[in-house]
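Chain by chain, the residues run as shown.
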Amino acid sequence: MAASLASQPSYLHSSFFGTNGNLSWMQTEASTSSRPDYRVVVPSHRRPRLVKVRASIQRNSKELEISPNATPMSSFNSMSCSFSEEWWRKAPHCSSKNETRAHCVAENGLSVNFFSQRESDVEAPSTQKRFLKEYPFHETPTSRGRSGGVPVFVMLPLDSVNTNNQLTKRRALNASLLALKSAGVEGVMMDIWWGVVEKDRPREYRWSAYRELMEMARKHGLKVQAVMSFHQCGGNVGDSCFVPLPQWIVEEIKKNPDLVYTDKDGRRNYEYLSLGCDIIPVLRGRTPVQVYSDFMRSFRDNFEDMFGDTIVEVQVGLGPAGEMRYPSYPERDGIWRFPGNGEFQCYDKYMLASLKANAEAAGRPEWGLGGPHDAGHYNQWPEDAGFFRREGAWNSSYGNFFLEWYSGLLLDHGERILTAAEAIFRGTGVCLSGKIAGIHWHYGTRSHPPELTAGYYNTRFRDGYLPIARMFGRHGVTFNFTCFEMKDFEQPSEALCSPERLLSQVVKASRKAGIALAGENALPRFDDGAYEQIVIQSRLQVKEEGRSDTALEPMCSFTFLRMSESMFQPDNWRRFVPFVRHMAEGRTFQPWEEEHRVAESFVHATRPLIQEAAAALV
């Protein structure tokens, strides 16, 4: 639930009755803080049909602050509501001074913040729509506007810090950072590996190498996007090194293999801990969410002097490859190959217990024995697996039950970790982001199997990204998405890939939820075609039915994958420099003769520097 601003939180228990959702609460623990914090807890057996809320109550205030999508509103009969003209806001941990929210005045004299925990992707009646949109976009004095530029960040090599907590290729990193700064790059993204920092024993954190790397970035005037990497490195596209989970975690997994995701054949995936045990104290007395929270809290305490000026963003790892998803398409050992459907990852004992309980609660205990029996294997295509066929069971009552449960657990997982992160980093001056995978293959089918197995309940008849965007919005988290460089015609037509339509759907979802959108390229590319596509897509133009393209505020940042020896090759560098300038200046085109002249002049001036960086990175 929501974390407290108070030093000693108090707790509330709530109960909801009927469709009116009457809320009863009581204080169960006194607080010595002048601002007691109340946490509203919905009984777990009511969760499938109810919306969790969290409240922060200040006794001396006579205002009740309420998010417009807190439901049900009918229970607050004594309130009169009014909304400010502009209530677009950044995350509370980014800017608290200009924060504006919807206000409702209550007779009980309490000031409350409510945030819905889970929402349906089904549109509400028009009379209720204003309560669903928590962060609508309006241009304000702090907005960049529709013609604003997009700052470019560059991902550092995955092994910039090795498993022995040592900075690797120090000379290469120094030269590379200097070259990036000279090209106009805003900053760098770096993975903060859980398996490096908390490697040997719980709560023993080693930050020295990352401190050195942060200082190096600060010396060159570069901003930092820090990724809380709670996953294993190795086994995914582009993984050039191996960084396992912490050794003490590996030891716990050996004792209890059900701590990790498992497929129907009993194959274990060691990339990330199963969300099935999120709130179970299976890690030497702590739950996984508590372990992640302690790690983030230690990071905050050790780097708070850099927050706001050097460290400007914290991307919270939420699954394999840092993405909020299930490991449904593992590439290690050739288990999965593009463009296979992937497989459901719900066969560890914790997830099976959850499935069994939900099936029994639905009055269909036979649905709780496991995942769909006809979902096929990793490398099958939609029509090869009965569950995913055009008229398959994915669109049946059973299919809806299973997919709601499977995707709902993923949403709950993200909610838990982002709630903790929001509380930990509130007031530090950094923004939070979360990453969602760009699963574009078989997007043209009805059932979208690869998205379903990854945990995104997105089909031709259902928007699976809007619930995710709204969940991010409840915590002011930036929606980070990939495949910005891809074009539909470049993909194999037989696989019905559509990265462009997928991106358009995500843009619309982020705008409905009123949250910022950031981007990445899915694969390392240095060609003009990829750069031009990124520049165009960065403007976030969406096609509305019956209207021409609608221009929106561009994405808040773009992170380029990845700094390497190839980037500093003369031809690649010559194309990269104008790309950065196009993005930063908000331009989608420029006479190529002039651009070529400027780029050539810059490349010539920086040749010794990029030669040193390229040679050192080999």
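Overview of the structure.

About the criteria used
- Residues numbered from 1 in each chain as written.
- Predicted model: local features only at pLDDT ≥ 70, side-chain atom pairs only at ≥ 80, totals over all residues.
- Heavy atoms only, no water.
- Helix = DSSP H or I, 4+ residues; strand = E, 2+ residues; numbered from the N terminus.
- Contact = heavy atoms within 4.5 Å.
- Areas by Shrake-Rupley, 256 points an atom, 1.4 Å probe, with all protein chains shown as cover.
- Core = buried A, V, L, I, M, F, W, Y, C linked by side-chain atoms within 4.5 Å.
- Buried < 20%, exposed > 50% of the residue type's maximum accessible area, 1.4 Å probe, protein only.
- Salt bridge = Lys/Arg side-chain N within 4 Å of Asp/Glu carboxyl O.
- Pairing = 2+ DSSP bridges.
- Axes fitted to C-alpha atoms, helices over the stretch in contact; angles between N-to-C directions.
- Phe/Tyr/Trp six-rings, centres within 6.5 Å; stacked < 30°, edge-to-face > 60°.
- Right-handed = clockwise from strand over helix to strand, strands pointing away.
- Expected span 1.5 Å × (residues − 1).
- Arc of directions from axis to C-beta.
- Polar contact = N/O pair within 3.5 Å; in protein donor to acceptor, adjacent residues only side chain to side chain.

### Comments concerning the overall build of the chain
At step 1: On a plain count of helices and strands, the chain comes out with 14 helices and 17 strands.
At step 2: Across the chain, every contact between residues at least 6 apart in sequence was considered, and the portion connecting residues at least 24 apart equals 75%.
At step 3: Of the roughly 25100 Å² that the chain leaves accessible, carbon and sulfur atoms contribute 49%.

### Some points on the nonpolar core
At step 1: Ranked by internal contacts, the top residues of the largest apolar core, which has 153 residues, are Phe299 and Trp573.
At step 2: The dominant element in this core, judged by the number of residues it contributes, is helix H7 (residues 397-425), at 14 residues.
At step 3: Not counting residues within four places of it along the chain, the set of residues in contact with Trp573 comprises Ala179, Leu180, Ala183, Met567, Phe568, Phe602, Val603, Thr606 and Ile610.

### Things to note about the pattern of salt bridges
Any two side chains of opposite charge can pair, on the condition that their charged atoms come close.
At step 1: Counted under the stated rule, the structure contains 30 salt bridges.
At step 2: Of the charged contacts in the structure, one is a salt bridge between Asp294 and Arg297, with a shortest N-O distance of 2.9 Å. Taken together, the residues Asp294 and Arg297, both in helix H5 (residues 288-303) and three residues apart, mark about one turn of the helix.
At step 3: On the basis of relative accessibility, which here comes to 32%, the residue Arg297 falls in the partly exposed class.
At step 4: Because the salt bridges share partners, they merge into one network encompassing Glu198, Arg203, Arg286, Asp294 and Arg297.

### Some points on the sheet that holds strand E8 (residues 223-229)
At step 1: If you trace the eight strands once around the closed barrel, you get E6-E7-E8-E11-E12-E13-E14-E17, paired in parallel fashion. Across the sheet, the mean angle from the axis of one strand to that of its neighbour is 30 degrees, orientation sign disregarded.
At step 2: By the bridge criterion, three bridges tie strand E11 (residues 311-316) to strand E12 (residues 431-436) in an arrangement that is parallel. Counterpart to Val314 in the pairing with E12 is Leu432.

### Some details on the packing of aromatic side chains
At step 1: Tallying each qualifying case throughout the model produces 46 aromatic pairs.
At step 2: Their ring planes at 40 degrees and their centres at 5.6 Å tell us that Trp336 and Trp441 sit as a pair that is tilted. A residue pair is termed long-range when its members are at least 10 positions apart, and Trp336 in the loop between E11 and helix H6 (349-361) and Trp441 in the loop between E12 and helix H8 (449-454) qualify at 105 residues. No difference in accessibility class separates Trp336 from Trp441, as the two residues are buried.
At step 3: Pairing Phe344 with Phe387 gives two aromatic rings, centres 6.1 Å apart and planes at 85 degrees, and the pair type is edge-to-face. One end of the pair, Phe344, is in the loop between E11 and H6; the other, Phe387, is in the loop between H6 and H7, with 43 residues separating them in the sequence.

### With respect to the pairing of strand E14 (residues 517-520)
At step 1: By the alternation rule, side chains of E14 split into Leu517 and Gly519 and Ala518 and Glu520, which are all buried.
At step 2: In terms of strand pairing, strand E13 (residues 478-481) meets E14 through three bridges, oriented parallel. By the bridge assignment, Phe481 is partnered in E14 with Gly519.
At step 3: For the segment spanning E13, helix H10 (residues 499-513) and E14, crossover handedness is right-handed.
At step 4: Direction of pairing for E14 relative to strand E17 (residues 558-560): parallel, over a ladder of two bridges. Pairing of Glu520 across the sheet is with Thr559, part of E17.

### What to know about unusual backbone geometry
Outside of glycine, negative phi angles account for most residues, and trans bonds account for most peptide bonds.
At step 1: A cis amide bond links Phe338 with the next residue in sequence, Pro339, at an omega value of 5 degrees.
At step 2: When you line up the elements, Pro339 lands in the loop between E11 and H6.
At step 3: Here the amide bond leading from Leu561 into Arg562 is cis, since omega sits at 0 degrees, within 30 degrees of zero.
At step 4: Along the polypeptide, Arg562 turns up in the loop between E17 and helix H12 (570-585).
At step 5: In this structure, Ala321 is a non-glycine residue whose phi angle is positive, near 60 degrees.
At step 6: A positive phi angle is found at Leu540, which is not glycine, with a value near 55 degrees.
At step 7: Tracing the sequence through the fold places Leu540 in the loop between helix H11 (528-537) and strand E15 (542-543).
At step 8: Overall, Leu540 belongs to the buried group, its relative accessible area being 1%.

### Considering H6
At step 1: In this model, H6 (13 residues) spans 18 Å end to end at C-alpha, consistent with the 18 Å of a helix rising 1.5 Å per residue.
At step 2: Along H6, the positions that sit buried rather than exposed are Tyr350, Met351, Ser354, Leu355 and Ala359. Looking down the long axis of H6, one finds its buried residues gathered within 170 degrees of arc, a one-sided arrangement.
At step 3: In this fold, the buried residues of H6 make contact with strand E9 (260-262) and H7.
At step 4: For H6, the side-chain oxygen to backbone nitrogen distance between the N-cap and Tyr350 is 3.0 Å, and the N-cap itself is Asp348.
At step 5: Immediately downstream of H6, the backbone of Gly363 shows phi near 80 degrees, a positive value.

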